Amino acid sequence: MSVSTAALDPSVCAPLPVLGQDVTVPLVTGGEVTYAALDYAASAPALQRVWDDVAAYAPYYGSVHRGAGYLSQLSTDLFENSRRTVAEFLGCRPEDQVVFTRSTTDSLNLMAAAIPANCQVFVYETEHHASLLPWRDAQVTYLNAPRTPDQAVETLERALADREPYGPALVCVTGASNVTGELWPVRELAAAAHAHGARIVLDAAQLAPHHPVDIAELDVDWVAFSGHKLYAPFGSGVLAGRADWLQAAEPYLAGGGASRKVARRADGGVDVDWHTTAARHEAGSPNVIGVYSIASACKALTEAGFDSLVAREQELVSRVREGLAEVPEVQVLSLFGDDAPRVGVISFVVRGWNSSHFAAALSAEYGIGVRDGLFCAHPLVRTLLGSDPQDPGECGAPEAEPGERSLNAIRVSFGAGTPDEHIDRFLRAVTELVREGAQWKYRTEDGRCVPDRGEAPQV
């Protein structure tokens, strides 16, 4: 695999302090409990270090790139230094650009807007919708879900070898699945793409928070990720990589900041000279605080020792998988099999349970936050569940009633801030719910399974 999962002593790294670690939530059965945030794959809690850095900067906030005042100059320096910090975190090459966006979705839509005319795009059906859907103006080849890393490479090689006409091509692939957590063979896929004259963009939304990502080492052309999954609290993201397609494309947004010079023509029109730097695709007043929060998170993870963070997370992954394996009714979803390396993202179904019902009981009776649904990866989850593509069920809105089988799954995800107690509570809760059932009655309301406040407990 492309990312090392070498085991280290997990005791050398304690959980990193995150916001919300002392928040208590009410239980439907009475009393309160410290909230167990096990939905990192959706949005990870912000690191306390990030929040402190942003709070320290906030009084000095000013407009960037345009102001002559001290605070504007300070903010400009902070903004551009954040760009350099992110470039270092990603192992960018000297000629690469780092463009700040709103999210991974925004980054990949920018990428889709920047591809050359007649570009062919190759994307696996296993991708998150952020990677699967932006390519509306391109000729897209959707690749079937592979069942081994080697099959993923072979499938791509065959598709690239068969393409006609031979012109620009782009491969889009995830680094770690947001459904199964499995690591994809990124370096091997990049080599296959380049051998056939194609480029590759890596969706690192689930990889960057869990493993070091090095653009040069992986030999990918671009990397996209989101700040809110990297322990940063605000709406910002990154697209980093080769500059040529980005420089040649029309600005993603037209407006101030993207333009270097604007002049009226004699015929009444307007001539625009656009920037060729990252500013070309950063029109408007940038999210300085969001950008700074990403840079702060990058520094915090690096300084904590990413290898130690990886080792501790792998220990948690093993504990969760071993604990779930002891419950025969639980089926863990996987593309590549039990031995595939993975990050702290695990999806499963429970025989005899509606997934939304199970997730609701985890929350209401144990104070555990997980996710249920199709995780914005509908084709992949349907493939893993063996359901027909036309079967009902959508992201977060199961149509089955409590107790009925649903065509959705449950996802537990964790990372650098997860305490051992949260994992222990989760495994205990799964075992108790399967063996003893829920203590409360539930009903469907607005597409969600919720406790029925008008009903007495079942015990």
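Everything numeric in this text was worked out from a predicted model, so none of it was measured. (Residues numbered from 1 in each chain as written. Predicted model: local features only at pLDDT ≥ 70, side-chain atom pairs only at ≥ 80, totals over all residues. Heavy atoms only, no water.)

Right, let's talk about the overall build of the protein chain for a bit. Broken down by element type, the protein chain carries 13 helices and 19 strands. The C-alpha radius of gyration of the protein chain comes to 23 Å, within 12% of the 23 Å expected for a compact globule of 459 residues. Considering only C-alpha atoms, the protein chain reaches an extent of 80 × 55 × 50 Å along its principal axes. With 459 residues in all, the protein chain has 55% of them scored as buried. Expressed as a percentage of contacts within the protein chain between residues at least 6 apart in sequence, the contacts between residues at least 24 apart total 71%. When the accessible surface of the protein chain is summed, it comes to about 19100 Å², and 49% of that surface belongs to carbon and sulfur atoms. The average position of the 36 basic charges and that of the 59 acidic charges among the side chains of the protein chain differ by 5 Å. (Helix = DSSP H or I, 4+ residues; strand = E, 2+ residues; numbered from the N terminus. Rg over C-alpha atoms; globule rule 2.2 N^0.38 Å. Buried < 20%, exposed > 50% of the residue type's maximum accessible area, 1.4 Å probe, protein only. Contact = heavy atoms within 4.5 Å. Areas by Shrake-Rupley, 256 points an atom, 1.4 Å probe, with all protein chains shown as cover. Lys, Arg positive; Asp, Glu negative; His and termini not counted. Charge placed at Lys NZ, Arg CZ, Asp CG, Glu CD.)

Turning our attention to the side chain of Thr126. Secondary-structure assignment places Thr126 in the loop between β5 (120-124) and α4 (129-132). For Thr126, a relative accessible area of 4% corresponds to the buried category. With sequence-adjacent residues up to four places away left out, Thr126 is seen in contact with Ala145, Pro146, Trp184, Leu335 and Leu380.

Attention shifts here to the sheet that holds strand β4 (residues 97-101). Spatially, β4-β10-β9-β8-β7-β5-β6 is the arrangement adopted by the seven strands of the open sheet, whose pairing is mixed. The open sheet has two edge strands with one neighbour each: β4 and β6 (139-143). Ignoring which end each strand starts from, the neighbouring axes of this sheet average 20° apart. As paired strands, strand β7 (residues 169-174) and strand β8 (residues 199-203) are joined by five bridges and run parallel to one another. Residue pairing for β8: Cys172 is matched across the bridge by Val201. Running over the sheet, helix α3 (residues 104-114) touches β4, β7, β8, β9 (222-226) and β10 (237-241) and is turned about 150° from β9. (Pairing = 2+ DSSP bridges. Axes fitted to C-alpha atoms, helices over the stretch in contact; angles between N-to-C directions.)

The phi dihedral of Asn118 is positive, around 65°, even though this residue is not glycine. For Asn118, the position within the fold is in the loop between α3 and β5.

Next up on the list: the pattern of salt bridges. Enumeration according to the criterion identifies 24 salt bridges in this entry. Here Asp420 ties to Arg319 by a salt bridge, and the two come within 3.6 Å at their closest N and O atoms. Of this pair, Asp420 sits in helix α13 (residues 420-436) while Arg319 sits in helix α10 (residues 306-325), and the two are 101 residues apart along the sequence. You can call Arg319 partly exposed: its relative accessible area is 21%. Three or more residues joined by partner-sharing salt bridges are found here, namely Arg199, Asp221, Arg242 and Asp244. (Salt bridge = Lys/Arg side-chain N within 4 Å of Asp/Glu carboxyl O.)

This part covers α3. An α-helical turn contains 3.6 residues, so any two residues separated by three or four positions project in the same direction. Among the 11 residues of α3, eight are classified as buried, and the element is accordingly described as predominantly covered. Considered for burial, the residues of α3 that qualify are Thr104, Asp106, Ser107, Leu108, Leu110, Met111, Ala112 and Ala114. At the N-terminal end of α3, a side-chain oxygen is found 3.4 Å from the backbone nitrogen of Thr105, two or three residues along, and the residue is Ser103. (Polar contact = N/O pair within 3.5 Å; in protein donor to acceptor, adjacent residues only side chain to side chain.)

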